[in-house]
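# Residue-level structural notes
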Amino acid sequence: EIRKQNINVRLKVIEVRDNKAFTEVDFYEMNPSSIKRMVRRKKDRIDDSFVALTKDGVKVRVKPLILTRMNTNQSVLSSIRVFTRVYLLNRIKEMNYAQFVDIVVADRFYRDLKKLISKIYPIRIFAIRSFKKEVDRKSVV
């Protein structure tokens, strides 16, 4: 899609069968230059980073990006951040990793969350800035 030119995706080959490589998304990230173009003066930017666990046991570091329509109080920004984190943790817990990747790539989180967050304060943009699979450092040799 033309709209997805600002996205970088890294695929990891998990299996090769009959000269076909089967992959999964290992890393998804928006280009920093596209984020700079989205952020405007007199608007607030909310960044967050947390680790979520999917239904199939995959740890994912999720970094959402929220832009408000106008400047606002820090307490409102904090409540939006907390609400978003709780909502995403609960939604990710209910789906497996492949479903999570499909929903992020299709921007379906945006539609659901924009309505809910706008009850707290009007937002301009909600996007998953990046996500990647977390690797347990202890299990890596």
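Before reading on, note that the structure itself is shown above.
Let me sum up the structure you'll find in this document. Model, not experiment: these values are computed from the prediction.

### Quick word on the environment of arginine 3
Topologically, arginine 3 is positioned in the segment before strand E1 (7–17). Arginine 3 gets classed as exposed once you look at its relative accessible area, which sits at 61%. In this structure the C-alpha to C-alpha distance between arginine 3 and glutamine 74, which are 71 residues apart in sequence, comes to 32 Å.

### Side note on the environment of arginine 45
Inspection of the secondary structure assignment puts arginine 45 in strand E3 (residues 45–47). Each C-alpha atom, one on arginine 45 and one on leucine 77, is 8.7 Å from the other, the two residues being 32 residues apart in sequence. Leave out the neighbours within four places in its chain, and arginine 45 touches Ile35, Val39, Leu65, Ile66, Leu67 and Arg129. At 2.7 Å, the side chain of arginine 45 and the side chain of aspartate 47 are in polar contact.

### Details of the pairing of E1
Regular strands place their side chains on alternate faces of the sheet. Here 10 bridges tie E1 to strand E2 (residues 20–30), and the two strands are oriented antiparallel to one another. In the sheet register, isoleucine 7 faces E2, and the bridge partner there is methionine 30. Where E1 hands over to E2, the hairpin turn is made up of 2 residues, of which aspartate 18 adopts a positive phi near 55°.

### Notes on the pattern of salt bridges
Evaluated as defined, the whole model comprises 8 salt bridges. Salt-bridge contacts for arginine 10 lead to aspartate 26; the nearest nitrogen and oxygen are separated by 3.3 Å. Separated by 16 residues along the polypeptide, arginine 10 in strand E1 and aspartate 26 in strand E2 bring together distant segments of the chain. Between aspartate 48 and arginine 85 there is a salt bridge, with its nearest N and O atoms 2.5 Å apart. Of this pair, aspartate 48 sits in the loop between E3 and strand E4 (50–53) while arginine 85 sits in helix H2 (residues 74–93), and the two are 37 residues apart along the sequence.

### Topic: the side chain of aspartate 26
When its relative accessible area of 17% is taken as the criterion, aspartate 26 is described as buried. With sequence-adjacent residues up to four places away left out, aspartate 26 is seen in contact with Arg10, Leu11, Lys12, Tyr97, Phe131, Lys132 and Lys133.

The rules behind the values
Residues numbered from 1 in each chain as written. Predicted model: local features only at pLDDT ≥ 70, side-chain atom pairs only at ≥ 80, totals over all residues. Heavy atoms only, no water. Helix = DSSP H or I, 4+ residues; strand = E, 2+ residues; numbered from the N terminus. Buried < 20%, exposed > 50% of the residue type's maximum accessible area, 1.4 Å probe, protein only. Contact = heavy atoms within 4.5 Å. Polar contact = N/O pair within 3.5 Å; in protein donor to acceptor, adjacent residues only side chain to side chain. Pairing = 2+ DSSP bridges. Salt bridge = Lys/Arg side-chain N within 4 Å of Asp/Glu carboxyl O.

None of the figures reported here should be taken as evidence of function without further support.
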